[in-house]
Amino acid sequence: AQRVTQPEKLLSVFKGAPVELKCNYSYSGSPELFWYVQYSRQRLQLLLRHISRESIKGFTADLNKGETSFHLKKPFAQEEDSAMYYCALVPLSGGYNKLIFGAGTRLAVHP
Amino acid sequence: GAGVSQSPSNKVTEKGKDVELRCDPISGHTALYWYRQSLGQGLEFLIYFQGNSAPDKSGLPSDRFSAERTGGSVSTLTIQRTQQEDSAVYLCASSYQGSGEQYFGPGTRLTVT
């Protein structure tokens, strides 16, 4: 079965603290993994994808196939990072036909 | 350029009525997706269009739900005989061909009373 698990509903940190949002997936093949973010009163938008291996807004995520994880990390959280974060996978065998989302983690960064 | 647009932004309807939700994708994007965002179920895939055809309808929850896309552009999601459990935010997304890099619209918040 294809599944994305984000174990934390809420992650609350202080400004300047490191952040790690956890994501584990279940898929028998090789998926493509993404992080999407939804800021307050804004639409859902792509944050980063594993194949690009880039850092966006200071966030990075590494795909660990052994642990089937794709955790999102940032060394120093900022207040503007407060948002809802969704991990998602696309099953490559399906021809890019849909995103399978985790339940999401709300990140709250306090001053 | 313009992003994905959806209308209406909010819709309140009585149980049993039919509703139509509209999505206008980014120009040139051949792939169009509908998702539903609800408190109990999170973000769920509903249907995928490539051009005017829908090769993946696996997420439609019942036969009361249908969708069409005309001219490879605008799509309409129709819910017949609405039920209270249909209350949710319906999101549309588009991408160039088929891709996990999808551009989302602002959503339509549907409330069934």
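Each remark here, short or long, concerns the structure printed above.
Residues numbered from 1 in each chain as written. Chains lettered and ligands numbered in written order. Predicted model: local features only at pLDDT ≥ 70, side-chain atom pairs only at ≥ 80, totals over all residues. Heavy atoms only, no water.

Caption draft 1: Up close: the sheet that holds strand β8 (residues 72–74) of chain A. Residue and element names in this part refer to chain A. What the 3 strands build is an open sheet, ordered β3-β8-β7; its pairing is antiparallel. At either margin of the open sheet sits one strand with a lone partner, and together these are β3 (19–21) and β7 (60–61). Bridging between β3 and β8 involves 3 bridges; their strand directions are antiparallel. Pairing of Val19 across the sheet is with Lys74, part of β8. (Pairing = 2+ DSSP bridges. Helix = DSSP H or I, 4+ residues; strand = E, 2+ residues; numbered from the N terminus.)

Caption draft 2: View of the interface of chain B and chain A. Facing the 18 residues of chain B at the interface are 15 residues of chain A. Interface of chain B and chain A: buried area, both sides summed, is about 1500 Å²; carbon and sulfur atoms make up 53% of it. Area buried by chain B at its contact with chain A is led by B:Leu43, B:Gly100 and B:Phe104, which between them contribute 37% of it. Run the count over chain B and chain A and you get 2 salt bridges. Among the salt bridges present, the one from A:Lys98 reaches B:Asp56, with a minimum N-O distance of 3.9 Å. (Contact = heavy atoms within 4.5 Å. Buried area = accessible area lost by both parts, 1.4 Å probe. Salt bridge = Lys/Arg side-chain N within 4 Å of Asp/Glu carboxyl O.)

Caption draft 3: Here's a closer look at the state of the cysteines. Within this structure, the stated rule accounts for 2 disulfides over all chains. Linked covalently through their sulfurs, A:Cys23 and A:Cys87 form a disulfide whose S-S length is 2.0 Å. Taking the sign of the S-S torsion, -65° for the link of A:Cys23 and A:Cys87, the bridge is left-handed. Here A:Cys87 lies in strand β9 (residues 83–91) and A:Cys23 lies in the loop between β3 and β4 (24–26), a separation of 64 residues in the sequence. In terms of burial, A:Cys23 and A:Cys87 fall into one category: buried. Here B:Cys23 is linked by a disulfide to B:Cys92, with a sulfur-sulfur distance of 1.8 Å. Here the S-S torsion is close to -65°, and the disulfide linking B:Cys23 with B:Cys92 is therefore left-handed. In this pair, B:Cys23 sits in strand β3 (residues 19–24) while B:Cys92 sits in strand β9 (residues 88–95), placing the two residues 69 residues apart along the sequence. You can call B:Cys92 buried: its relative accessible area is 0%. (Disulfide = S-S within 2.5 Å. Buried < 20%, exposed > 50% of the residue type's maximum accessible area, 1.4 Å probe, protein only.)

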